[in-house]
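# Summary of the model geometry
Now for the letters of each chain:
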Amino acid sequence: MLAIRVDYLEWPMSYAHRDAYSRRLHAAHDAALSDSLLGDADLGDAVPGDARPRDGRRRTEPTTAVPDRPATPTSTTGTAAATAASGGAPGAHGSAASDGGRAGSGGAPSDGSRSGSGGAASDGTRGLISASWRRSIQAGVDPEDGPAPLALDLSRLGDLRESHPLRPVLPLLTETLARTADESQHVVVITDREGRVLWRDGNPGVMRRADTIGLTDGHGWSEERMGTNGIGTALRVRRPVNVYSAEHLLRLLHIWSCSAAPILDPDSGELLGCVDVSGTALSLHPATAALVGAAARLAESELALRMYERDERLLRRYEALRGRPAVLLSATGRVIAGDPGGALGYRVQLPNGGERLLLRDGRVATMEPFCGGYLVRATTAATTTATTTPAPPPLRLGFLGEGVPTATVSDRRLPLSLRHAEILALLALHPRGLSAEQLSFHLYGDAGNPVTIRAEIHRLRAQLRGTIGAKPYRLTSSVEADFLELRHLLAANNPAALARTYNGPLLPRSESPEIRRERDELEVQVRACLLLHGSPDDLWTYAQTANGRDDLQILERLAESLPFTDHRAAAARARLYTC
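Bear in mind the structure is a predicted one, so any value in this text is a computation, not a measurement.

## As for the overall build of the chain
Looking only at helices and strands, the chain has 18 helices and 18 strands in total. Here the chain holds 579 residues, and 56% of them are scored as buried. Long-range contacts, defined here as pairs at least 24 residues apart, represent 63% of the contacts in the chain between residues at least 6 apart. For the chain, the accessible surface area stands at approximately 24,200 Å², while carbon and sulfur atoms represent 51% of it.

## Considerations on the sheet that holds strand β6 (residues 257-264)
Overall, antiparallel pairing links the five strands, which are arranged β4-β3-β7-β6-β5 in an open sheet. Whereas interior strands pair on both sides, the edge strands pair on one side only; in this sheet they are β4 (197-202) and β5 (241-244). Neighbour to neighbour, the strand axes of the sheet diverge by 15° on average, direction disregarded. Sitting on the sheet, helix α8 (residues 230-237) is in contact with β3 (186-192), β5, β6 and β7 (271-279), with an inclination near 145° to β7. Of the strands in this sheet, β5, β6 and β7 are in contact with helix α9 (residues 286-319), which crosses β6 at around 15°.

## Description of the sheet that holds strand β15 (residues 412-415)
The sheet built from four strands is open, its strands ordered β15-β14-β13-β18 with mixed pairing. Because the sheet does not close on itself, it has two edges, and the strands there are β15 and β18 (479-481). Strand-to-strand twist of the sheet, defined as the mean angle between neighbouring strand axes without regard to direction, takes the value 20°. As paired elements, strand β13 (residues 395-398) and β18 share three bridges and run parallel to each other. Of the residues in β18, the one forming a bridge with R396 is E480.

## Quick notes on the pattern of salt bridges
Using the criterion set out here, one finds 26 salt bridges in the structure. Where E144 meets R251, a salt bridge forms, and the shortest distance between an N and an O atom there is 2.4 Å. Pair noted here: E144 is in the loop between α3 (123-138) and α4 (157-163) and R251 is in the loop between β5 and β6, with a separation of 107 residues, a long-range link. Overall, R251 belongs to the partly exposed group, its relative accessible area being 34%. Residue E437 is joined to R454 by a salt bridge in which the shortest nitrogen-to-oxygen separation is 3.2 Å. Here R454 lies in helix α12 (residues 450-463) and E437 lies in helix α11 (residues 436-444), a separation of 17 residues in the sequence.

## A short note on the packing of aromatic side chains
All chains considered together, the criterion is met by two aromatic pairs. Ring centres 6.0 Å apart and planes at 25° place the aromatic pair Y502 and Y542 in the stacked group. Taken together, the residues Y502 in the loop between α14 (495-501) and α15 (513-533) and Y542 in helix α16 (residues 536-542) connect sequence positions 40 residues apart. The same class applies to Y502 and to Y542, which are both buried. Its guanidinium or amino end placed over the ring of F564, R573 lies 4.0 Å from that ring's centre, counting from NZ or CZ.

## Some words on helix α13 (residues 482-491)
The element α13 is extensively covered by neighbouring structure, given that seven of its 10 residues are classed as buried. Among the residues making up α13, those that are buried are D482, F483, L484, L486, R487, L489 and L490. Those residues of α13 hidden inside the fold are in contact with α9, β13, α10 (418-429), β18, α14 and α15. Immediately beyond the C-terminal end of α13, within one or two residues, lies N493, with a positive phi of roughly 55°.

## What to know about the side chain of H164
Assignment of secondary structure puts H164 in the loop between α4 and α5 (170-183). In this structure the side chain of H164 is engaged in a polar contact, spanning 3.0 Å, whose partner is the backbone nitrogen of L166. Once residues lying within four places of it in the same chain are set aside, the contact partners of H164 are D192, L198, W199 and L272.

## Describing the nonpolar core
Core analysis: the largest hydrophobic core is formed by 58 residues, its most contacted members being F399, L424 and F483. When sequence neighbours within four positions are dropped, the list of residues in contact with F399 reads P405, T406, L416, A421, L424, A425, D482, F483, P505, L506 and L507. With 30 residues, the next largest nonpolar core counts L128, L215, M226 and L235 among its residues.

## Examining the pairing of β6
Consecutive side chains along a regular strand alternate between the two faces of the sheet. Across the eight residues that make up β6, a large majority, eight, are buried. The two faces of β6 match: S257, S259, A261 and I263 on one face and C258, A260, P262 and L264 on the other face are all buried. Judged from the four bridges that link them, β5 and β6 form a sheet pairing that is antiparallel. From the neighbouring strand, N242 faces β6, where its bridge partner is S259. With eight bridges joining them, β6 and β7 adopt antiparallel strand pairing. Counterpart to I263 in the pairing with β7 is G273.

## A short note on α5
The end-to-end C-alpha distance of α5, which contains 14 residues, comes to 19 Å, matching closely the 20 Å that a straight helix rising 1.5 Å per residue would cover. Of all bends in α5, the biggest is about 35°, found at L177. Restricting attention to buried positions, one finds in α5 the residues L170, L172, L173, L177, A178 and A181. For α5, the secondary structure elements touched by its buried residues are β3, β4, β6, β7 and α9.

## Overview of the pairing of β4
As judged from the five bridges shared by β3 and β4, these two strands associate in the antiparallel manner. Across the sheet, residue I190 finds its bridge partner in β4, namely W199. Hairpin connection between β3 and β4: a loop of four residues separates the two successive antiparallel strands, and G195 in this loop has a positive phi of roughly 80°.

How each quantity is defined
Along each chain, residues carry numbers from 1 onward, in the same order as the chain's sequence is written. Thresholds applied to this predicted model are a pLDDT of at least 70 for local features of residues and 80 or more for the giving and counting of side-chain atom pairs; totals over whole chains, interfaces and linings are not thresholded and use all residues. Calculated side-chain values reflect all of the structure's heavy atoms, with hydrogen atoms and water omitted. Numbering of helices and strands starts at the N terminus; helices are DSSP runs of H or I of at least 4 residues and strands are runs of E of at least 2. Exposure categories follow from relative accessible area, calculated using a 1.4 Å probe and restricted to protein chains: below 20% of the type maximum is buried, above 50% is exposed, and the middle band is partly exposed. Contacts: residue pairs with any heavy atoms within 4.5 Å of one another. Only the protein chains shown count as cover for residues, with accessible areas throughout obtained via the Shrake-Rupley method and a probe of 1.4 Å. Two strands are said to pair when DSSP picks up at least two bridges between them. Lines fitted to C-alpha atoms define the axes here, with helix axes fitted over just the stretch in contact, and angles between the N-to-C directions of these axes take values from 0 to 180 degrees. For this analysis, a salt bridge means a side-chain nitrogen from Lys or Arg found within 4 Å of a carboxyl oxygen belonging to Asp or Glu. Side-chain rings of Phe, Tyr and Trp, where Trp is taken by its six-membered ring, are said to pair if the distance between their centres is within 6.5 Å; with planes under 30 degrees apart they count as stacked, over 60 as edge-to-face, and otherwise as tilted. Ring-over charges, as used throughout, are those where CZ of Arg or NZ of Lys falls within 6 Å of the ring centre and within 35 degrees of the ring normal. As used in this structure description, the phrase polar contact means that two N or O atoms lie within 3.5 Å; if the pair is within protein, one of them must be able to donate a hydrogen and the other to accept it, and residues adjacent in sequence are counted only when both atoms belong to side chains. Residues belong to one nonpolar core when they are buried, are Ala, Val, Leu, Ile, Met, Phe, Trp, Tyr or Cys, and are joined through side-chain atoms within 4.5 Å. By this rule the span expected of a helix is its residue count minus one, scaled by 1.5 Å. The bend reported for a residue corresponds to the angle between axes fitted to the seven residues ending at that residue and the seven starting there.

Here it is, written out as structure tokens:
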């Protein structure tokens, strides 16, 4: 196992300290690549269990981290999971919800936990970097590779910029970051979801240096192209990331430090792109690192606000129709109005072609364009078969928050394993059913085995008798799930009930791609709704959840809106101080 010695350095550092620290980082980089990265040594083989989408925040620990000044020089010793950059560099810790905790007085672990003075860096950040190195090497990236390649036809760049979903929030991002970047000798970069640079601004001298490494318009910075770097790694793990100096895989980038945060679509939860601040200083200033994560979240809130405004305009036109004869859908298939019972769920899968679609309850419906959305009208009744078999008991699922997931059948409450909870969540999200092959893919990806799924379903059906059908696997009883209830409350714009219902993320330990998408989409929608329409009581309720506990914007809103003497305002200020 490779051991790396890390010293916390005073800020600002002398040239002697800077040179010595740089040599240690480079030595750690070389040793990790040559001795351990491709071998069997424990370098944090997997992306940490908390690597995840939407904001990628650790679900069981505080998520917001704003680094303080580094501590005075104190020697620490860590394993290969403790990188010199993440634990020992000023400003090399995570920003809000990023790859680190805070480097407070005495240097706290970078995974969000706390240590005393001189505490060693924990496995959190180092695990992220070493896992990124491993992915990069396996993708064929050579540490001696040159500048980023041109990934776009520059003649098409103007059209791509105008049509990109981040175009409406470009002024917000540039106003938030560009002036600071110019004054602090940095460059601001905004990319698309593939890591291709669309916009760039900042200090002219730094931009000229950025030209030499391809950090300029049209060039690609995905992890597969450029190895470990702020942009590519943030897009890969779908959470804010700081990459300091020799944490970059490419030697060409060792004089650079960067902080990047992905921006997600509040409608679909899909990646839209990334915002990055990079510079050639030894490290990023803590305020700069924190500002990048805040800017990305601000952009997502602005996109959510625009989405709600579009919905409201569409709803006003719909309400002008006499009798409201159909279900109103957004352009992406979200149910906006006309389905008070929630029979269609939160979203309808739009057909690839034609005007007909099959609803989740078995009805065939026609779909017609309407003012930028769609109107859906059912044309046939659902086909039913008369039977004397009694209806199966209702199934209630409690999958939100950090507790053990549970299922309740006929007033019998059963704790569930994570795998069984994931299967039930997927079946609830796909009411028409899934085959064993589909379930296996949703749970394990290409490495899944349908035989394993069939065995799990067999055990689950023995626990929940009469609630799971076969061919395809589906839930045969009526389902009440806390995460499905959130969709109805969001559609009804009921922030008070939303805050009471949302007690944490959906199955936070799940790594299923399908559940991660649903979890991230819910988190974005709930947070945006509460920020836009929630009362201080609602925001305080959200602030007690895993994701809200250290949410800077939520805490700032509470500190501003509550009376100064209110204990909740005092708690919010205390959390802001420790973030």
